[in-house]
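Inside the fold
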Amino acid sequence: MLSVDSQPEVAKALIRNLGRHGFQAESVPTGAQALQRFRNADLLLLDLDLPDLDGVELCRSIRSVCDVPIIVVTARDSELDRVLSLRAGSDDYVTKPYSLAELIARIEAVMRRVLRQPVSAEEAITVGPLGIDPRARQISLDGRPVEVTRKEFDLLYLLASHPGSVVTRRQIMAQVWRDSRSAPGRTIDTHVSSLRSKLGSSGWIVTARGVGFRLGHA
């Protein structure tokens, strides 16, 4: 596990506490060092306030080349920061000051989701110019690759696997986020909005108001 935090005393205490709970962790104080080390980590704890790089942009850069789980741990508590972080590819968002017990529970929850099999099967799906390849976990549009996060891929594949049908928010939470108990929140809407933007049209994902979503077309 890699903690990216510019405050050495805070990072040192966190690493010590994580070690007491059985986690192997180390820390770096800058975004540049994080870019050099993230490939060796099985999870990142990322502060948004770094001395050299914007934390959201760092998250986006790492997510564009790697599916390592990312939990943003920051003093920023605005809705905008949460939305931008989720759209950049973070798996969770924790605000400082936080309870160590809560942070560990969130780490364990994210790792459980990652270790489970993705929702995608082995069959590729083509819908007009849109191609979804679950083996390579790649999406293409008009033959050009579309860069998406792990959760965005799983969400789009789930919708494409039910052509013409509405997939409820509860189903999405259960199959993409592996969480059938929590009430569907704005996380789904954030990922849908990001997918629509990356696909270049809101028509690819149609909202069934009050129910869920279905795959459409451009």
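Let me sum up the structure you'll find in this document. All figures in this text were calculated on a predicted structure; none of them were measured in a lab. (Residues numbered from 1 in each chain as written. Predicted model: local features only at pLDDT ≥ 70, side-chain atom pairs only at ≥ 80, totals over all residues. Heavy atoms only, no water.)

Before going further, it helps to spend a moment on helix α1 (residues 8-20). Taking 1.5 Å of rise per residue, the 13 residues of α1 would be expected to cover 18 Å, and the 18 Å separating its terminal C-alpha atoms lies within 8% of that figure. Positioned one or two residues after α1, G22 has a phi angle of 90°, which is positive. (Helix = DSSP H or I, 4+ residues; strand = E, 2+ residues; numbered from the N terminus. Expected span 1.5 Å × (residues − 1).)

Attention now goes to the side chain of K96. Relative to the helices and strands, K96 resides in the loop between β5 (92-95) and α5 (100-115). Under the relative-accessibility criterion, K96 is labelled buried at 19%. A distance of 3.3 Å separates the side chain of K96 from the side chain of D47, its partner in a polar contact. With near-sequence residues (within four places) excluded, K96 lies in contact with D5, Q7, V10, D47, V73, T74 and A75. (Buried < 20%, exposed > 50% of the residue type's maximum accessible area, 1.4 Å probe, protein only. Polar contact = N/O pair within 3.5 Å; in protein donor to acceptor, adjacent residues only side chain to side chain. Contact = heavy atoms within 4.5 Å.)

Quick look at the pairing of strand β11 (residues 205-208) now. In the sheet, β11 pairs with strand β12 (residues 212-215) via 4 bridges, with the strands oriented antiparallel. What sits directly across from I205, in β12, is L215. If you look at the hairpin formed by β11 and β12, you'll find 3 residues sitting between the two strands, and G210 has a positive phi there, around 80°. (Pairing = 2+ DSSP bridges.)

Below, the discussion takes up empty space enclosed by the protein. Scanning all chains against the criterion turns up 1 cavity of 30 Å³ or more. One number sums up the size of the largest cavity: a volume of about 40 Å³. Forming the boundary of the largest cavity are S3, V4, D5, L14, L45, L46, D47, V73, K96 and Y98. Elements represented by at least two residues in the lining of the largest cavity include exactly β1 (2-4) and β3 (44-46). Classifying every residue of the lining of the largest cavity gives 6 nonpolar, 1 polar and 3 charged. (1 Å grid on protein atoms, 1.4 Å probe; cavity = no way out; pocket = protein on both sides within 12 Å on 5 of 7 lines; lining within 4 Å. Points joined across faces, edges and corners; volume = space filled by probe spheres on them. Nonpolar A, V, L, I, M, F, W, Y, C, P; charged D, E, K, R; others polar.)

Counted under the stated rule, the structure contains 14 salt bridges. Put simply, E26 and R37 hold a salt bridge, and the shortest N to O gap is 2.6 Å. Pair noted here: E26 is in strand β2 (residues 26-28) and R37 is in helix α2 (residues 31-37), with a separation of 11 residues, a long-range link. Owing to a relative accessible area of 37%, E26 belongs among the partly exposed residues under this scheme. Looking at R37, the relative accessible area reads 31%, which means it is partly exposed. A cluster of three or more residues bridged by salt bridges with shared partners is formed by D5, D47 and K96. (Salt bridge = Lys/Arg side-chain N within 4 Å of Asp/Glu carboxyl O.)

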